[in-house]
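Below are the chains, spelled out letter by letter.
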Amino acid sequence: CVISIFALSVYFIYSIHDNTTTIRNDVTINIKDPNVAPQDLKIAVIGDIHLPEGSHHLEKFRDILIDIKNARPDLVIFLGDYIQNHKKMENFSAHRKNIIKEIKLIDPLPIAVVLGNHETYSNVNTWISEFARFGIHAMENEVKSISVKNRKVCVRGLGDHNTNRFVYRDFPPDCKNRPKITITHDPAGAFNGPVQGLVFSGHTHCGQIRFPLLGAVYVPTDAPSEAHCGLYHTKRLTLFVTSGVGNSIVPVRYGAQSQWDFVSLNIN
């Protein structure tokens, strides 16, 4: 019995350590859009960083960004929740500045940025202005035309559904013949009103603690359970929900790998 308990403890410790070690996850997504010429795009997706204060954590984040940059994606998407609880930080203002400075390491690769519920909790307007001060446009319920591989891609950044920042915006007419991508923090936004097409989101951490057969302990979203993690597809919607990088509330992941995603998007 003692041996069994010891073996089980070793298994859980190993699994938790393994799941909290950030890895690259390769994904292929095929979509059809008769209005867009066939093409392939490489997209890096990173969400839910939840970065604590301290130089060690910034270095780990920097290593992830370097890995992303070395993968040479055509576009890098940041899906929000860049911090943990800001009320428990010694110098939140400096920490926010340091995170944004690290994100600038992605230059000159094209990026698209939205904010999450933790940015709402910590003064979303200041986040937007601080990103802008470093030359980064954090999107809130708007469409931006981004140059990718010498052509234009329309990226729609919608506000966080979880904190009532979501407002639906349609793609303008000049996006008809361009690739169209929607990004939003909470996957529940993908099920709000007439949203359709390709959507990337995060927020769920894929449950963060997720047991075999039983599933996740808790997932903080109104999205249907089938859309809590990974690829979800219907006739109208192709949604990819990233597991994300960091942790929320407890520094533990089990059955939900810490990862950034390298998406090979095939439009035909």
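Residues numbered from 1 in each chain as written. Predicted model: local features only at pLDDT ≥ 70, side-chain atom pairs only at ≥ 80, totals over all residues. Heavy atoms only, no water.

Enquirer: Explanation requested: the overall build of the protein chain in the structure shown.
Expert: Assigned secondary structure in the protein chain consists of 5 helices and 14 strands. For 268 residues, the compact-globule estimate of 2.2 N^0.38 gives 18 Å, and the protein chain sits close to it at 18 Å. Going through the 268 residues of the protein chain one by one, you find that 51% of them count as buried. Counted over contacts in the protein chain with a minimum sequence separation of 6, partners at least 24 positions apart contribute 75%. Here the protein chain displays about 12,900 Å² of accessible surface, and carbon together with sulfur accounts for 54% of that area. Across the protein chain, 28 positive and 25 negative side-chain charges occur, with their mean positions spaced 6 Å apart. (Helix = DSSP H or I, 4+ residues; strand = E, 2+ residues; numbered from the N terminus. Rg over C-alpha atoms; globule rule 2.2 N^0.38 Å. Buried < 20%, exposed > 50% of the residue type's maximum accessible area, 1.4 Å probe, protein only. Contact = heavy atoms within 4.5 Å. Areas by Shrake-Rupley, 256 points an atom, 1.4 Å probe, with all protein chains shown as cover. Lys, Arg positive; Asp, Glu negative; His and termini not counted. Charge placed at Lys NZ, Arg CZ, Asp CG, Glu CD.)

Enquirer: I keep staring at the packing of helix α2 (residues 55-70) against helix α3 (residues 92-103) and nothing clicks. Help me out?
Expert: The relative placement of two packed helices is expressed as an angle between their axes plus a distance between the axes. The N-to-C vectors of α2 and α3 enclose an angle of 20°; their axes lie 10 Å apart at closest approach. The angle between α2 and α3 places the two elements in the roughly parallel class. You can see that α2 and α3 cross each other, and the crossing is right-handed. Every residue of α3 that contacts α2 at Leu58, Phe61, Arg62 and Leu65 is listed here: Asn98, Ile99, Glu102 and Ile103. Taken together, the residues of the contact of α2 with α3 sort by class into 5 nonpolar, 1 polar and 2 charged. (Axes fitted to C-alpha atoms, helices over the stretch in contact; angles between N-to-C directions. Parallel < 35°, antiparallel > 145°, perpendicular 65-115°, else oblique. Left-handed = near helix turned anticlockwise from the far one by under 90°. Nonpolar A, V, L, I, M, F, W, Y, C, P; charged D, E, K, R; others polar.)

Enquirer: What exactly am I supposed to notice about α2 here?
Expert: Because an α-helix completes one turn every 3.6 residues, residues spaced three or four positions apart along the sequence face the same direction. The terminal C-alpha atoms of α2 lie 22 Å apart, and with 16 residues this matches the ideal 22 Å at 1.5 Å per residue to within 8%. Residues of α2 that are buried include every one of Leu58, Phe61, Ile64, Leu65 and Ile68, and no others. One side of α2 carries all its buried residues, which in axial view fall inside an arc of 120°. Of the exposed residues in α2, the ones pointing more than 90 degrees away from its buried face are Ser55 and Asn70. (Expected span 1.5 Å × (residues − 1). Arc of directions from axis to C-beta.)

Enquirer: Looking at this structure, I do not really get the state of the cysteines. What am I missing?
Expert: Any covalent bond linking the sulfur atoms of two cysteines counts as a disulfide. With the rule as written, the count across this model stands at 2 disulfides. Here Cys154 connects covalently by a disulfide to Cys175, the sulfurs 2.1 Å from one another. Between Cys154 and Cys175, the S-S torsion sits near -90°, and that sign places the bridge as left-handed. You can see Cys154 sitting in strand β7 (residues 151-158) and its partner Cys175 sitting in the loop between β7 and β8 (180-184), a full 21 residues away along the chain. A relative accessible area of 0% places Cys154 in the buried class. Owing to a relative accessible area of 2%, Cys175 belongs among the buried residues under this scheme. Here Cys206 pairs with Cys229 through a disulfide, and the sulfurs are 2.0 Å apart. Its S-S torsion of about 80° marks the bond between Cys206 and Cys229 as right-handed, since a negative value means left-handed. Residue Cys206 is found in the loop between β9 (197-201) and β10 (210-211), and its partner Cys229 is found in the loop between β11 (215-216) and β12 (230-233); the two are separated by 23 residues along the sequence. Each bonded cysteine in the protein chain gets a number by its place in the sequence, and the pairs come out as 1-2, 3-4. (Disulfide = S-S within 2.5 Å.)

Enquirer: Help me understand the sheet that holds strand β6 (residues 142-148) in this model?
Expert: The pairing of strands in a sheet happens through backbone hydrogen bonds and is either parallel or antiparallel. Read from one edge to the other, the open sheet built from 6 strands follows the order β6-β7-β8-β9-β13-β12, with strand pairing classed as mixed. Only two strands of the sheet have a single partner each, and these edge strands are β6 and β12. Pairs of neighbouring strands in the sheet enclose a mean axial angle of 25°, with direction left out of account. Examined bridge by bridge, β12 and strand β13 (residues 237-241) share 4 bridges and lie antiparallel to one another. In the strand pairing of β13, Tyr232 is matched with Leu239. (Pairing = 2+ DSSP bridges.)

Enquirer: What exactly am I supposed to notice about the sheet that holds strand β3 (residues 75-78) here?
Expert: An order of β1-β14-β2-β3-β4-β5 is seen for the 6 strands of this open sheet, with the pairing classed as mixed. The open sheet has two edge strands with one neighbour each: β1 (23-31) and β5 (138-139). Two strands pair when backbone bridges link them, and strand β4 (residues 111-114) and β5 are joined in this way by 2 bridges, in the parallel orientation. Note on β5: the bridge partner recorded for Val113 is Ala138. Here α2 sits on the sheet and contacts β2 (39-46), β3 and β14 (259-267); the angle it forms with β2, its principal contact strand, is near 175°.

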